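# Residue-level structural notes
Listed below, chain by chain, are the residues.
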Amino acid sequence: MSDILLTQNSGRIIGPIAKLLGYIMEGIFLVLDKIGIPNIGLAIILFTIVIYLLLMPLTIKQQKFSKLSARMNPELQAIQAKYKGKSDNESMMAMQMETKAVYAKYGVSPSGSCVQLLIQMPILFALYRVIYNMPAYVGKIKEAFFPLVDNLIAQNGSAEFIQTFSQARMFSNQFTNESFTSGVTTYVQNTFIDVLNKASTAEWLSIPEKYLVLEDDVNHTLGLLNQYNNFLGLNIGNSPSYVMKEALSSGSFLLIIAALSIPVLSAVTQWINVKLMPQPQTQQDSKNQNSQQDAMMQSMKTMNMFMPIMSAVFCYTLPAGMGLYWVAGAVVRSIQQVAINKHIDKIDLDEVIKNNAEKAKKKMEKASVRAEQMAAYANMNTKKVSTAPKSQTKSQMTQEEKEEAIKKSTEYYNQNAKPGSMMAKANMVKQYNEKNNKK
C-alpha cells in the first residue's frame with residue numbers, strides 16, 4: 001500500500017493539479033509559521049489571491065471574448081434571421097459558411113469561452129480538494145494530530161467509536177478496506193485523521209469522555225488546531241450551521257453574528273461579482289431575436305439571481321474555511337473584474353476586429369492556394385509519365401514494355417508514400433518538374 005495521504009485526490013487530472021496547488025498552500029503556511037502567524041484562514045486568503053493572479057491571463061481572454069461576442073451577436077442574429085425557415089442543404093451550408101466568416105472576422109472561436117472554462121474547471125476542483133483536506137497537503141497541520149492519533153488507535157473500540165461521528169460516513173469505504181482491517185499503519189492513521197479533521201468541537205470533547213487517558217493528547221491537538229483555525233474569533237473548522245446551534249443553545253448574540261457572517265458575506269460578494277461581470281447585450285426590440293436566444297437570456301438572468309442564494313446555503317452548511325475561500329475568491333474576482341474592465345475598455349475593439357479580419361483573409365487565401373494545388377495534383381494523369389529511353393517513342397514500345405515502364409514509373413513515384421495517395425502524386429509532379437528543368 002502506498003504511503004501517500006488518502007485524502008489527496010488520486011484522479012488522473014485533478015490529482016496532479018491538487019498536489020501542485022498543495023505545494024503552494026504548504027509553502028504559504030510554512031512562511032506564515034516562520035513569521036509567527038500559522039493561521040489557516042490567512043493562508044486560504046493568500047492562497048486564493050495567488051491562484052487567481054495565476055489565472056489572470058485566462059480571465060482576461062475570457063472577458064475579451066465576451067466583449068467581442070457582444071459586438072458579434074447582432075451579425076449572427078441577422079444570419080439566423082436570413083435563413084430562418086430554410087432547411088435545405090444548400091441554405092444550411094451557406095448559413096454555416098457565413099457564420100464561420102463572422103467568427104473569423106472577429107478572431108474568435110465558437111468554443112472560445114468554453115475552452116477557457118474547461119481549463120479553469122480542473123483547477124477550481126483541485127482548489128476545493130486542497131482547502132477541504134488541508135492535512136493531506138500541508139504537513140505541518142497533519143503533524144498536529146500526533147501523538148493523539150497513534151494513542152487513539154491503540155485504544156480498544158476506537159475505530160467503532162469514531163465511526164459514530166457525524167462525518168464518518170464520508171469515509172465508510174476506508175473502514176471496510178482491507179488495508180484498514182489488516183492494520184496497515186499509514187492507512188489507519190490517515191483514516192483517523194480524515195474523520196477527526198471533519199469532527200465538530202463537541203465530537204472532539206467526547207474523546208476524553210470516552211478515553212480519559214487521552215485528555216492531554218486531545219488538549220494538545222485541539223490547542224494547535226484552534227490556533228491554526230481561529231480567524232477573527234471564528235473556528236473555521238466548524239460549519240456556520242454548527243456555530244448557530246451552539247449560539248442558540250448558549251444565547252450568545254456574538255456567536256449568532258459570527259455564524260451568519262460568512263454566509264451573508266458570501267451572498268453579498270457573489271452578488272457584486274455577478275453585477276461586475278460583462279452582461280450580454282439584449283435586443284428586446286430586435287425582430288431578429290429568436291425564442292431560443294430569449295430562453296437563454298432568461299436562463300442566465302435566473303442563474304445570476306440564484307447564485308448569491310446558493311452561495312449563502314453552500315457556505316452555511318460546509319466548514320467556515322470553505323466559506324472563507326468562497327468569499328475571498330469572490331472579492332478577488334470582483335477586484336480583477338474592475339481592473340480587467342478598465343483594461344478592455346482601453347482596447348480599440350474596432351482595430352482588433354480589423355486586424356482579425358485581415359488575418360482571417362490571409363488565412364483563407366493560403367487555404368485556397370493549397371486547395372488549388374492539391375486539386376491540380378489530383379487531376380494529373382500518371383500514365384502520361386514514361387521512363388522509356390529518348391530514342392524510343394511510346395508507339396515503338398511493345399505492350400509488355402509499356403506495362404513494365406508504367407510499373408517502374410509507379411514504383412519510382414510511390415517512394416515514401418502510399419500508392420495512389422496525394423503524396424505519391426505530389427512526388428510525381430516534383431520529379432517531373434525536376435526532369436524538365438534539367439533539359
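Going along each chain's sequence as written, the residues are numbered from 1 onward. Selection of residues for local features in this predicted model requires a pLDDT of at least 70, selection of side-chain atom pairs for listing and counting requires 80 or more, and totals for whole chains, interfaces and linings are taken over all residues. Only hydrogens and water are set aside; all other atoms, that is, all heavy atoms of the structure, feed into the side-chain values.

What follows concerns the overall build of the protein chain. Only DSSP runs of H or I reaching four residues or more are called helices, and only runs of E reaching two or more are called strands; each is numbered from the N terminus. What the protein chain contains, in helices and strands, is 21 helices and two strands. Relative accessibility thresholds used throughout: buried, under 20% of the residue-type maximum; exposed, over 50%; partly exposed, between the two (1.4 Å probe, protein chains only). By residue count, 38% of the 439 residues in the protein chain fall in the buried class. Taking the contacts inside the protein chain whose residues are at least 6 apart along the sequence as the reference set, 74% of them involve residues at least 24 apart. All accessibility values rest on the Shrake-Rupley procedure with a 1.4 Å probe; residue burial counts only the protein chains present in the view. In the structure as shown, the protein chain presents an accessible area of about 26000 Å², 59% of it carried by carbon and sulfur atoms. The contact definition used throughout considers only heavy atoms, calling two residues in contact when any of these lie within 4.5 Å.

Each pair of aromatic rings taken from Phe, Tyr and Trp, with Trp reduced to its six-membered ring, is defined by centres within 6.5 Å and is described as stacked if the planes are under 30 degrees apart, edge-to-face if over 60, and tilted in the remaining cases. Here the structure, examined in full by the defined rule, presents seven aromatic pairs. Summarising the aromatic geometry, the rings of Phe145 and Trp204 are spaced 6.2 Å apart at their centres and angled 35° between planes, so their arrangement reads as tilted. Of this pair, Phe145 sits in the loop between helix H7 (139-143) and helix H8 (148-153) while Trp204 is found in helix H13 (residues 201-210), placing the two residues 59 residues apart along the sequence. Each member of the pair, Phe145 together with Trp204, is buried. Between Phe314 and Trp326 the ring centres are 4.7 Å apart and the planes differ by 45°, which places this aromatic pair in the tilted class. Of the two residues, Phe314 sits in helix H17 (residues 291-317) while Trp326 sits in helix H18 (residues 320-345), which places them twelve residues apart along the sequence. Among the aromatic side chains, those forming a connected cluster through ring pairs are Phe161, Phe165 and Tyr211.

Bringing the environment of Thr59 into the picture now. Mapped onto the fold, Thr59 is located in helix H3 (residues 56-82). Residue class for Thr59 comes out buried when judged on its relative accessible area of 13%. Counting along the chain gives 281 residues from Thr59 to Ile340, while the straight-line C-alpha distance between them is 8.4 Å. When near neighbours in sequence (up to four residues on either side) are disregarded, Thr59 contacts Gln336 and Ile340.

Another aspect to go through is the side chain of Thr221. Along the chain, the position of Thr221 falls in helix H14 (residues 215-229). Leaving out residues up to four positions away in the same chain, Thr221 has contacts with Ala144, Phe145, Leu148 and Trp204.

A cavity here means a set of points on a 1 Å grid, drawn over the protein atoms and nothing else, where a 1.4 Å probe fits but cannot get out; a pocket is an open set with protein on both sides within 12 Å along at least five of seven lines, and a residue lines either one if it has an atom within 4 Å of a point. Grid points are joined across faces, edges and corners, and a volume is the space filled by probe spheres set on the points. With the rule as written, the count across this model stands at four cavities of 30 Å³ or more. Roughly 360 Å³ of volume is contained in the largest cavity. Around the largest cavity, the lining is made up of 27 residues, and of these Asn197, Asn229, Ile236, Gly237 and Asn238 lie nearest the centre. Among the secondary structure elements, those contributing two or more residues to the lining of the largest cavity are helix H2 (40-54), helix H5 (112-132), helix H6 (134-137), helix H12 (185-197), H13, H14 and H18.

As a further point, take the pattern of salt bridges. By definition, a salt bridge exists where a carboxyl oxygen of Asp or Glu is found within 4 Å of a side-chain nitrogen of Lys or Arg. Following the criterion strictly, the structure yields two salt bridges and no others. Salt-bridge contacts for Asp33 lead to Lys140; the nearest nitrogen and oxygen are separated by 3.7 Å. Taken together, the residues Asp33 in helix H1 (residues 14-34) and Lys140 in helix H7 connect sequence positions 107 residues apart. By relative accessible area, Asp33 is classed as partly exposed at 25%. Note on Lys140: relative accessible area 29%, which makes it partly exposed. When the shortest N-O distance is used, the salt bridge between Lys82 and Glu98 registers 3.1 Å. Of the two residues, Lys82 is situated in helix H3 and Glu98 in helix H4 (residues 89-106); the sequence distance between them amounts to 16 residues.

Orientation of H3 relative to H18, taken along the N-to-C sense of each, is 55°, at an axis distance of 10 Å. Between H3 and H18, the angle is such that the two are oblique. As H3 runs across H18, the sense of the crossing is right-handed. Where H3 approaches H18, its residues Met56, Thr59, Ile60, Gln63, Lys64 and Lys67 are matched on the opposing element by Gln336, Gln337, Ile340, His343, Ile344 and Asp345. When residues are sorted by character, Ala, Val, Leu, Ile, Met, Phe, Trp, Tyr, Cys and Pro go into the nonpolar class, Asp, Glu, Lys and Arg into the charged class, and all the rest, Gly among them, into the polar class. Along the lines of polarity and charge, the residues of the contact of H3 with H18 split into four nonpolar, five polar and three charged. Note on method: axes are straight lines fitted to C-alpha atoms, helices fitted across the in-contact stretch only, with angles between N-to-C directions ranging 0 to 180 degrees. Note on angle classes: values under 35 degrees are labelled roughly parallel, values over 145 roughly antiparallel, values of 65 to 115 roughly perpendicular, and the remainder oblique. Two helices cross in a left-handed way if the nearer one is turned anticlockwise from the farther one by less than a right angle. They cross in a right-handed way if the turn is clockwise.

Take helix H15 (residues 240-250) next. When H15 is considered as a whole, its buried residues turn out to be Pro240, Ser241, Tyr242, Val243, Met244 and Ala247. One or two residues past the end of H15 sits Gly251, with phi positive at roughly 70°.

With that settled, consider the environment of Leu222. Mapped onto the secondary structure, Leu222 falls in helix H14. Residue contacts for Leu222: discarding those within four places in its chain leaves Trp204 and Leu205.

On to the confidence of the model for the protein chain. Averaged over the protein chain, the pLDDT score is 76; the fraction of residues at 70 or greater is 70%. Averaged over each element, pLDDT in the protein chain is lowest for helix H21 (residues 422-437) (53) and highest for H8 (94). Within the model, pLDDT remains below 50 along residues 382-395, and this stretch shows 13 contacts once partners closer than five positions in the same chain are excluded. Per residue, pLDDT captures the predictor's confidence, and it can take any value from 0 to 100.

On to unusual backbone geometry, then. A cis geometry characterises the amide bond from Phe146 onward to Pro147, with omega recorded as 10°. Of note, Pro147 is situated in the loop between H7 and H8.

Close contact between helix H16 (residues 253-276) and H18 brings their axes to 9 Å; oriented N to C, the two are set at 20°. The orientation of H16 relative to H18 falls into the category roughly parallel. H16 and H18 meet at a crossing whose hand is left-handed. Contacts from Ile262, Leu265, Ser266, Thr269, Gln270, Ile272, Asn273 and Leu276 of H16 reach H18 at Gly323, Leu324, Trp326, Val327, Ala330, Val331, Arg333, Ser334, Gln337, Val338 and Asn341.

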